[in-house]
Amino acid sequence: MHLDGRAILVAGGTASGKSALALALAERIGGEIVNADAFQLYRGLEICTAKPGPEDLARVPHHLYSVLDWQDTCDAQRYRELAEPVILSIAARGRWPIIVGGSGLYLKALTHGLAPVPKGDAATREAMARLTPEQRVAELLRLDPQAADNVPLENDRYVSRALEICLLTGQPQSALRQQW
């Protein structure tokens, strides 16, 4: 996606004031807010995700809030597919897309694209599920010794995905990261 500089990203940690800043900016420059928070995409999580309230939603247009059911899955690719047409439509109307969120991978998917890695594979995930978390870490480090530099080894979800990429591509996932 190419915006020709016609978008504003507001990123930061939890409770850092991103939404308030985006709202004030949208009112001042004629913008519309686009959610980039992984959890605010889901309906029913209003309180625990600090979604904008009805008053804020009425002040300026907000997009991609509460658009998924709780049982839906969303990864960076799906987010990009949801967000791109919204962002391009806002820009085409001469307004400023103000992309707000704390999900760095979602923002990176918009600004830099995604690494060419395979989608998840059910059979591979089933085989990996038979391993303990410690075994998954050991296998990842055997296949990709550099993984210790770019994968938080205490996070089983990240370890499992990195291992899955190694198994499906036959290459160290760290090598794919360097190409991207």
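This text gives an overview of the structure that appears in the document. Treat the numbers as computed from the prediction; the structure is a model and nothing was measured. (Residues numbered from 1 in each chain as written. Predicted model: local features only at pLDDT ≥ 70, side-chain atom pairs only at ≥ 80, totals over all residues. Heavy atoms only, no water.)

1. So, the sheet that holds strand β2 (residues 31–35)
Argument step 1. Pairing in this open sheet of four strands is parallel, and the strands run β1-β4-β2-β3 from one edge to the other. Of all the strands in the sheet, just β1 (8–11) and β3 (62–63) have a single pairing partner and so form its edges.
Argument step 2. With four bridges joining them, β1 and strand β4 (residues 96–101) adopt parallel strand pairing. Across the sheet, residue I8 finds its bridge partner in β4, namely I98. (Pairing = 2+ DSSP bridges. Helix = DSSP H or I, 4+ residues; strand = E, 2+ residues; numbered from the N terminus.)

2. Some details on helix α1 (residues 18–29)
Think of an α-helix as turning once every 3.6 residues; residues three or four places apart then point the same way.
Argument step 1. With 12 residues, α1 extends 16 Å between its outermost C-alpha atoms, agreeing within 8% with the 16 Å of an ideal straight helix rising 1.5 Å per residue.
Argument step 2. Those residues of α1 lying buried are K18, A22, L23 and A26. Mapping the buried residues of α1 onto a view down its axis gives an arc of 130 degrees, with all of them on the same face. The outward face of α1, more than 90 degrees from its buried face, is lined by the exposed residues A20 and R28.
Argument step 3. In the segment just after α1, G30 is the residue with positive phi, at about 80 degrees. (Expected span 1.5 Å × (residues − 1). Buried < 20%, exposed > 50% of the residue type's maximum accessible area, 1.4 Å probe, protein only. Arc of directions from axis to C-beta.)

3. Quick look at unusual backbone geometry
Argument step 1. Its identity as a non-glycine residue notwithstanding, L64 has a phi of 65 degrees, on the positive side.
Argument step 2. Summarising the element assignment, L64 is placed in the loop between β3 and α4 (76–92).
Argument step 3. Of note in the backbone geometry, S66 takes a positive phi value of approximately 55 degrees without being a glycine.

4. So, the packing of α4 against helix α5 (residues 104–112)
Argument step 1. At a minimum axis distance of 9 Å, the contact between α4 and α5 shows a crossing angle of 55 degrees. The angle between the axes of α4 and α5 places the two elements in the oblique class. Seen from above, α4 lies across α5 with right-handed handedness. The segment α4 lies against α5, with A76, Y79, R80, A83, E84 and I87 engaging L105, Y106, A109 and L110.
Argument step 2. Each residue belonging to the contact of α4 with α5 can be placed in one class, and the counts come to eight nonpolar, no polar and two charged. (Axes fitted to C-alpha atoms, helices over the stretch in contact; angles between N-to-C directions. Parallel < 35°, antiparallel > 145°, perpendicular 65-115°, else oblique. Left-handed = near helix turned anticlockwise from the far one by under 90°. Contact = heavy atoms within 4.5 Å. Nonpolar A, V, L, I, M, F, W, Y, C, P; charged D, E, K, R; others polar.)

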